Amino acid sequence: MIRPPRFWSDPQARVFPWLLSPLSALVAACAVKRQKKAGWKAPVPVLCCGNLTTGGTGKTTVVLDLVARLKKRKIAVHALTRGYGGRINTATQVDLARHSARDVGDEALLLAQQCPTWVGGDRAASAQAAVEAGATCLIMDDGFQNPGLHKDVSLLVVDGVVGLGNGHVLPAGPLREPPANALARASAVLLIGPDNTGFLERYAGALPDVMRADLQTASEAQALKGARCIAFAGLGRPSKFFDGLRQAGVNPVQCLAFPDHYFYKDRDMTHLATLARQADAQLVTTPKDTVRFPPAFRKQLKTVDVGLVWQNEAAPEALLDQLLSQRPA
């Protein structure tokens, strides 16, 4: 498993960030220059859920929550995503009957279960195709640093447990661009989980509106209480899933972490099945992992979802009110 260097998460680290600072300055300058490009302005409102760091912060979970809220409002929302890990690069609507995670990536399959979803590296092309297909609102899963499509509202998602790491830009740290630049472009920040790194205090003077939410393991976990389980996940931070199971009263006999977006191989499936048989345990994983397995192996898995619980239920609705106010009269 490829892990980020430890100094990325250590605000007290000095040597490696200093040595890599010339490269970080170059990356930061390129990011600033890139944002000066004007993106295509869609004729419908565009909401971007992005982040500042490499790795997962829970963006797709946020997008799925906001999609559900838009659907309740009878809005024809379409989702746009790059399709990370998939082999399709041009603007394509995800077809659940035809596409696999190898084609469009795992996140796109999850989004497509809830609303029409488009993959492709050119966000403007995907947006144009979605509008032509009837979208009256677009929501981007990632793409905060991509200037190709104008965003009417941008929500910056931060994992409260890890915050912004050591605060340095790649490769000296995990950031895709300088925090001040990103926070200045964001309409709001969503901090998920406890603020373990003091993010709110550290960036207090630069923050836009701040919303708070927590992750909650779905009800499927209740059936696993007292059962022998082996939990595994290939996420940006797999411990989020394992901790969520424990908080729900499920205590796995073993937890296995895989890289984010990892495509499980035959030997992995054999290994997992062997572990489960030897421990007389149920294999438990996330929806994002489940879609990366062939249908036959999915029958051996118990999938447990994770959702958002907003600390202020009015906050996401206010964000959507702001977004939909951008609609043409």
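Throughout what follows, the structure given in this document is the object of discussion. Computed from a predicted structure; not experimentally measured.

We now examine the sheet that holds strand β10 (residues 254-258). The four strands lie next to each other as β10-β9-β11-β12, forming an open sheet whose pairing is parallel. The open sheet has two edge strands, β10 and β12 (301-303), and neither has a second partner. Across the sheet, the mean angle separating the axes of adjacent strands is 25° when strand polarity is ignored. The strands touched by helix α9 (residues 239-247) are β9 (229-234), β10 and β11 (282-285); relative to β9, the strand with the most contacts, the crossing angle is about 145°. Against the sheet, helix α10 (residues 266-279) touches β9, β10 and β11, its axis set at about 170° to β10.

Okay, the pairing of strand β5 (residues 137-141) next. β5 sits mainly inside the fold: five of its five residues count as buried. Neither face of β5 is exposed, since Cys137, Ile139 and Asp141 on one face and Leu138 and Met140 on the opposite face are all buried. Direction of pairing for strand β1 (residues 46-50) relative to β5: parallel, over a ladder of four bridges. Bridge pairing in β5 places Leu47 opposite Ile139. The sheet contact formed by strand β2 (residues 77-81) and β5 spans five bridges and is parallel. From the neighbouring strand, Leu80 faces β5, where its bridge partner is Met140.

Right, let's get into the sheet that holds strand β13 (residues 306-310). Strand order in the open sheet formed by nine strands is β3-β4-β2-β5-β1-β6-β7-β8-β13, and the pairing between neighbours is mixed. The open sheet has two edge strands, β3 (92-93) and β13, and neither has a second partner. As judged from the five bridges shared by strand β7 (residues 188-192) and strand β8 (residues 209-217), these two strands associate in the parallel manner. Counterpart to Ile192 in the pairing with β8 is Ala213.

What counts and how
- Residues numbered from 1 in each chain as written.
- Predicted model: local features only at pLDDT ≥ 70, side-chain atom pairs only at ≥ 80, totals over all residues.
- Heavy atoms only, no water.
- Pairing = 2+ DSSP bridges.
- Helix = DSSP H or I, 4+ residues; strand = E, 2+ residues; numbered from the N terminus.
- Axes fitted to C-alpha atoms, helices over the stretch in contact; angles between N-to-C directions.
- Contact = heavy atoms within 4.5 Å.
- Buried < 20%, exposed > 50% of the residue type's maximum accessible area, 1.4 Å probe, protein only.

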